[in-house]
Amino acid sequence: MKIAVCVKQVPEAGSARRIDPQTKRLDRSGEGALNSFDAHAVEEALRVKDHSGEGEVVLVSMGPAKAADALRKALAMGADRAVLVSDEEAQGSDLVATSRILAAALEREGADLILFGQQSSDSDGAVLWSAVADRLRLPVVSQVAELEVSDGKVKAKRQTEFGYDVIEAATPAVVAVSDAINDPRFPSLKGIMGAKSKPQETVSTADLGLSGEQVGEGGSRTEVYALNDPPARGDSVKIEDDGTAAQKIVDFLAENKLL
C-alpha cells in the first residue's frame, strides 16, 4: 500500500504573523515548522503502514525551498520519502491553484490512500483536502478520529454534534484526520539522522505538466484588493459588582435605548 500525506510548512508557533503589505500575502520569511495538524496525518499513515506490514509513506508538499525542513521532520518520524513542489511560478496560489498543483503531484504518485491534516495553523481553511479530492474524483472523509484500512476500503469514525458517524469508502480515497486521532511520535535521534539520507525530490510545476496560467496568481480565482487595520474599539463602560451591578446594567441599556 502506498500512502501519500500532504504536509505544509507554517510559521513557527508563537511567532508573530505578518501580512506583507506589498504582496498582501502571509510573510513566511521567519522560522517555519511542520503544521501540527499534519503531524497527526503522518502518524496515522505510519500506523496504517505498520498494521498492514508493508507499504510506503510518501510526503507531498508545496512551498519554498526551505519547506524541506518541515519535510525532514516528517521523514524523521518514519516516512519513507518526500516530494516538494517548489517553483516561483506557484507563488500567490490560492485554494484553486494550490489544489490543482497538489492534485497533479498526487496523481503522479498514484497512492492508495491520501491523508491530510484537518487544517493548517496559518490559514485555518479546512477545505483544501476537499478541493483536491474533487479534482482527483475520489471519495473524501473529514474530521476522522478513528481510521481502519483493509480489504480495499477505509472505515472512518468522526465525531459530530449528536454522536459519531461511521463512514466506509473504497480506496483510493482522501481522508482528513482530526487532532483527536492520535498522539504523534517524537522523532528519535536515529530517525533524525536517517532522514538525511532518505529520498527527497524537488519538482517544478512544469514537471507536473502545469503551465504558468494554471498556477500562482494566473491560476487563482481570488484576489486581495486591500489590507486595513481593524477599526478602533468604541468607548466602553466597566461595571464593578458591588451588589448593584444588575441595576447598573439595566440602567446602561435603558440609557442607550437598548431595552
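Scroll up for the structure.
As the structure is a computational prediction, the values presented were derived from the model and not from experiment.

Caption draft 1: Just the packing of aromatic side chains, in detail. Summed over all chains, the structure comprises 0 aromatic pairs. When the ring centre of Tyr164 is taken as reference, the NZ or CZ atom of Lys157 above it lies at 4.3 Å.

Caption draft 2: Representation of the side chain of Arg100. With respect to the element layout, Arg100 can be found in helix α3 (residues 95–109). Lacking a salt bridge, the buried Arg100 has Asp94 as its closest oppositely charged neighbour, with an N-O distance of 6.7 Å. A polar contact is formed between the side chain of Arg100 and the backbone oxygen of Gly219, at a distance of 3.5 Å. Setting aside residues up to four positions removed in sequence, Arg100 forms contacts with Arg135, Leu210, Gln214 and Gly219.

Caption draft 3: Examining unusual backbone geometry more closely. Look at the link from Thr171 to Pro172: it is a cis peptide, with omega at 5 degrees. Relative to the helices and strands, Pro172 is located in the loop between β11 (163–170) and β12 (173–177). Although it is not a glycine, Gln143 sits at a positive phi angle of roughly 55 degrees. Positionally, Gln143 belongs in strand β9 (residues 140–150). The exposure class assigned to Gln143 is partly exposed, which follows from its relative accessible area of 38%.

Thresholds, definitions, all that
Sequence order as written defines the numbering, with residues in each chain counted from 1. Where totals are concerned, whole chains, interfaces and linings use all residues; where local detail is concerned, this predicted model gives features only for residues with pLDDT of at least 70, and gives and counts side-chain atom pairs only at 80 or more. Excluded from the side-chain calculations are hydrogens and water; all other atoms, namely the structure's heavy atoms, are used. In this analysis, rings of Phe, Tyr and Trp, with Trp reduced to its six-membered ring, are considered paired at centre separations within 6.5 Å, and the interplanar angle assigns stacked below 30 degrees, edge-to-face beyond 60, and tilted for intermediate values. Geometrically, a charge over a ring is one whose NZ (Lys) or CZ (Arg) sits within 6 Å of the ring centre while staying within 35 degrees of the ring normal. Secondary structure elements are taken from DSSP: a helix is a run of H or I of four residues or more, a strand is a run of E of two residues or more, and numbering for both begins at the N terminus. Type-normalised accessible area, obtained with a 1.4 Å probe on protein chains alone, sets the label of each residue: buried when under 20%, exposed when over 50%, and partly exposed for intermediate values. In this tally Asp and Glu are treated as negative and Lys and Arg as positive; neither His nor the chain ends contributes. By convention in these notes, a salt bridge is any Lys or Arg side-chain nitrogen within 4 Å of a carboxyl oxygen on Asp or Glu. Polar contact is the term for a pair of N or O atoms within 3.5 Å; when the atoms are in protein, one must be able to donate a hydrogen and the other to accept it, and sequence-neighboring residues count only if both atoms are side-chain atoms. Contact between two residues is taken to exist if any of their heavy atoms lie within 4.5 Å; hydrogens are not considered.

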